[in-house]
Amino acid sequence: MVSGTLFQCRKNSWPPEEYVSRATLQLLDDDSAAPPQQAWRRRLNGHAKFLKEFTVTFTEAIKMVRLGLRLWSYVREEASYGRKAPIDPFTKESTKPSASQGVPLGGMGSGSISRGFRGEFRHWQILPGLCDASPVMANQFSIFVSRDGGAKNYASVLAPGGHEDLGKPSDQGISSWGWNLSGQHSSYHALFPRAWTIYDGEPDPELKVSCRQISPFIPHNYRDSSLPTAVFVYTLVNTGKERAKVSLLLTWANSIGGVSHLSGDHVNEPFITAKDNPPVTFAIAACETQNVNVTVQPWFGLSEGDSVTARDVWLNMTRDGEFDRENFGTGQSMPSSPGETPCAAVSASVWVEPHGTSTVAFAVAWCSPRVKFLKGSSYYRRYTKYFGTSEKAAKELVHYALTNYKKWEEDIEKWQSPILMDPKLPEWYKFTLFNELYFLVAGGTVWIDTPLTSENSRHYQHHLGNDENTNINITAAEFNPKDSAVVELMKSSYVGRDGMVSENGENGHPLKDDAGVALKELHCPAAFVEPYYDTDDVGRFLYLEGVEYIMWCTYDVHFYASFALLNLFPKIELSIQREFAKAVLSEDGRKVRFLAEGNYGIRKVRGAVPHDLGTHDPWNEMNAYNIHDTSQWKDLNPKFVLQVYRDFTATGDMSFGVDVWPSVRAAMEYMEQFDRDKDGLIENDGFPDQTYDTWTVHGVSAYCGCLWIAALQAAAAMAFQIGDKEFAEICKAKFLKAKYAFESKLWNGSYFSYDSGSSSNSGSIQADQLAGQWYTASSGLPNLFDDHKIRCALQKILDFNVLKIRGGRMGAVNGMHPNGKVDDTCMQSREIWTGVTYAVAATMILAGMEDQAFTTAEGIFTAGWSDEGYGYWFQTPEAWTTDGHFRSLIYMRPLAIWGMQWALSRPRAILEAPKINIMDRIENSPVGLRSLLHHHEPGVRKIGSRKKCFGSSALHCAC
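Conventions we followed
Residues numbered from 1 in each chain as written. Predicted model: local features only at pLDDT ≥ 70, side-chain atom pairs only at ≥ 80, totals over all residues. Heavy atoms only, no water. Phe/Tyr/Trp six-rings, centres within 6.5 Å; stacked < 30°, edge-to-face > 60°. Helix = DSSP H or I, 4+ residues; strand = E, 2+ residues; numbered from the N terminus. Buried < 20%, exposed > 50% of the residue type's maximum accessible area, 1.4 Å probe, protein only. Polar contact = N/O pair within 3.5 Å; in protein donor to acceptor, adjacent residues only side chain to side chain. Axes fitted to C-alpha atoms, helices over the stretch in contact; angles between N-to-C directions. Parallel < 35°, antiparallel > 145°, perpendicular 65-115°, else oblique. Left-handed = near helix turned anticlockwise from the far one by under 90°. Contact = heavy atoms within 4.5 Å. Nonpolar A, V, L, I, M, F, W, Y, C, P; charged D, E, K, R; others polar. Expected span 1.5 Å × (residues − 1). Core = buried A, V, L, I, M, F, W, Y, C linked by side-chain atoms within 4.5 Å. Pairing = 2+ DSSP bridges.

## A short note on the packing of aromatic side chains
- For the structure shown, the criterion picks out 67 aromatic pairs.
- Judged by centre distance (6.1 Å) and plane angle (40°), the rings of Phe217 and Trp415 are tilted. Here Trp415 lies in helix 6 (residues 394-420) and Phe217 lies in the loop between strand 8 (207-214) and strand 9 (229-238), a separation of 198 residues in the sequence. For the pair shown, Phe217 and Trp415 are each scored as buried.

## Observations concerning the side chain of Ser562
- Assignment of secondary structure puts Ser562 in helix 10 (residues 555-568).
- Ser562 sits in the buried class, given a relative accessible area of 0%.
- Within polar-contact distance, the side chain of Ser562 engages the side chain of Arg646 at 3.0 Å.

## What to know about the packing of helix 14 (residues 702-722) against helix 15 (residues 725-746)
- The interhelical angle for the contact between helix 14 and helix 15, taken along N-to-C directions, is 155°, at an axis separation of 8 Å. In terms of axis orientation, helix 14 runs roughly antiparallel to helix 15. Relative to helix 15, the crossing made by helix 14 is left-handed. In this structure, helix 14 contributes Ala702, Gly705, Cys706, Ile709, Leu712, Gln713, Ala715, Ala716, Ala719 and Phe720 to the contact, and helix 15 contributes Lys725, Phe727, Ala728, Cys731, Lys732, Lys734, Phe735, Ala738, Lys739, Phe742 and Leu746.
- The residue makeup of the contact of helix 14 with helix 15, split by class, is 15 nonpolar, 2 polar and 4 charged.

## Here's the deal with helix 18 (residues 834-846)
- With 13 residues, helix 18 should reach 18 Å at 1.5 Å per residue; the first-to-last C-alpha distance of 19 Å fits that figure.
- The buried fraction of helix 18 amounts to 13 of the 13 residues, a majority that puts the element mostly inside the structure.
- Residue Gly848 follows helix 18 closely and has a positive phi angle near 80°.

## Looking at the nonpolar core
- Ranked by size, the top nonpolar core spans 288 residues in total, and within it Phe362, Leu437, Tyr543 and Phe640 carry the most contacts.
- For this core, the leading source of residues is helix 14, giving 17 residues.
- Those residues in contact with Phe640 that sit more than four places away from it in its chain are Tyr555, Gln577, Phe580, Ala581, Val584, Val609, Ser663, Val664 and Ala667.

## Some details on unusual backbone geometry
- At the junction of Phe192 and Pro193, the peptide bond is cis and its omega measures out at 10° in the coordinates.
- Locating Pro193 in the fold gives a position in the loop between strand 6 (186-191) and strand 7 (194-200).
- Although it is not a glycine, His220 sits at a positive phi angle of roughly 70°.
- With respect to the helices and strands, His220 occurs in the loop between strand 8 and strand 9.
- Although it is not a glycine, Cys553 sits at a positive phi angle of roughly 55°.

## Section: the pairing of strand 22 (residues 588-593)
- Inspection of the sheet shows strand 22 paired to strand 23 (residues 600-604) by 4 bridges, in the antiparallel sense. Within the sheet, the bridge partner assigned to Lys591 lies in strand 23 and is Ile602.
- Counting the residues between successive antiparallel strands, the hairpin from strand 22 to strand 23 contains 6 residues, one of them, Gly598, with a positive phi of roughly 85°.

As structure tokens, then:
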């Protein structure tokens, strides 16, 4: 349980002076070495407590027993094919989740490695859909300090000791190293995509050390933001009277996490790259300058029988502060044997004068150019467009990182400064806003280089998917701790004067350095087809719903998270919407069993927006989610229309609007089948047919009904602007009719009831009841209801769903009875959803209730990110219960905090939209509304088989 202070005190500021002495901050004030004024902070000796996972109640378990049995059977069936089921609540990670996370490394879509706030490299996601949370403890920075006269010598790993994975101190492995850092005077400061670790006089009291971690996450930069690399800049300040020799050591295991280092056939090789050469290939580096001397240890092991052990490396560095320079000429190591852990090390040494300052830069990159999904399709990652497809491109990546990181920092500071300097914003909001973006790196993102619309992209994809030589044949057994046999993964590690590389590639062309030395001869697959590159092409982008829910671009959740992409990478956001627009007009007739009821249906129905883009063969096999038949869900199609209209309006991209319009119209027409009483309003069908997929809805619902009337208005507005005036009139008529029905059936004087049924929770106060109004206001459209009703409902949510839960210090509970008791109808009604809370806060901002908005959202910060909270930093879950137990860590929906920022700073295209009601601009045709409403028969039959232009369009079509 959390301490009582969580609900009794409120902290408004976290100045760096509370963690680092003022004198040290002044010494580090140059060259960005000092941590920023606004950042999330922890001391390195902070306890990384274990996190508590939610459990279902007995009543909930009884209700879900049949679903559980079917899901168990499905999980086992997928495992028999070597695949992981998209949802698997039965298999738990070998590493128990803890409050240890920090800012992840790298850009988007090329695999990621997270780094805990205490310095460990963990949460390895190099391969798509696979995440190993356990830290690789051999991957460390260490420091060795000796001063003139030799009286004072210090040697320590730059991470607190005592980790359970270190082993016995007497062995030849990493436990023999000096784990001497207490962390009491060291602190971590996170402001994504950068982080600072300050060693304020430890291990050497007269040496101040700053390590600045920088990753290339740069809004609107679609090149560098795709790079799998990160830079570590060490600033060393000597406050003593003697000159100090400082050696920094980076050690790295040849591993992609878990037990992959034990599989055998790993090779290490040293290399030297000439200064000022054009970018070549790379992965992990230390820069040699006039003052910095770089040496390497190309290979060492962690076992007693190894020719060079971890203990030998430590003793050598303690004695000499560097390695033998002849190591550069040792050549490639012998392939490792199964059970061995091949490691390498790079050292950078510098003399720091009394009261002087020196800087040493390291970099890390990983090169996995090809993405292989388990059901056959292969693609090149986005960064290969710029750095080539060789597995050895890592050297070039790191060289580029070391020569460009200062420009990255300038761009990052230019982006972040206006928000950080805004005095109207709470401090917790400023750094939480940026830190929640961690998910776009650590959320299993995949960014490939295939053009979105090129005809030959289909040939490109087909070619990869059918080339037998490109198959990796990854199976679950390859990552099973009991079976370390990895069949076709070649893992190799390099060390060089400019740094050290750790690469993990599949079978491919021989990898060669500048001198043409092949790393390992393997059979060469057939050449990939080079696709055509459009100047505006940003490739194709995937991100997971969560690391526990392995489905790509889950659309009902993207509805909340998409504000982050629209704010920062709008071309990626438009590309995702184009993917779903194409999917609306497609059909996949393969049979699927839906596990909730055990019935069968087809995988994808024409006209229905898919739940997701798939798991094991994204884009080609959509709707990996199989709990319910999502073609019957009532929120997906309206969410598609609302997102498309918002993006169309915000970007002003008319070509996008014309391209996706047939899908928008098809999505709206598909929904007519759910308006069974012809009042213009869709009805839910007595099962959880929306994003709250355990929370049953009867009749008209506040959530889906509000989304629907918002979609009607957005579709009418978009139709008018595109030139489809007839459909605009149809949507207008339905909107007016549906709005009246919605308010008549659900408005009870202070809020909109959960649904129009007669169940025990029909009168519940749903936190998300105004989701449609959120998007309406975000898109510059007129409010759906009068201001009084909107503000009254939001105040009700604040008073009940927020403030009645631990004084408002946890966020907004999804459901609350009007008597002030939490709605415990089901698991989800009693949960607090982090992303929904942010969405409610955004709706409040748009309604002129900023104080209430920040009060609501601060509960997520307090419970998830603060010192007194539950420890969910950089792994924000989908939900927690009122006692703080989580469900689904590292989840997409919390990116909705960028919906708050959108509301605070809407773009000019939204703010300068015509203030008159768009509905008043749509004239009814002489035939009358009644004939318009019955002009088309409802159903899927009227959906076109392909995109078509319309004669009434205001635009010229070139089809």
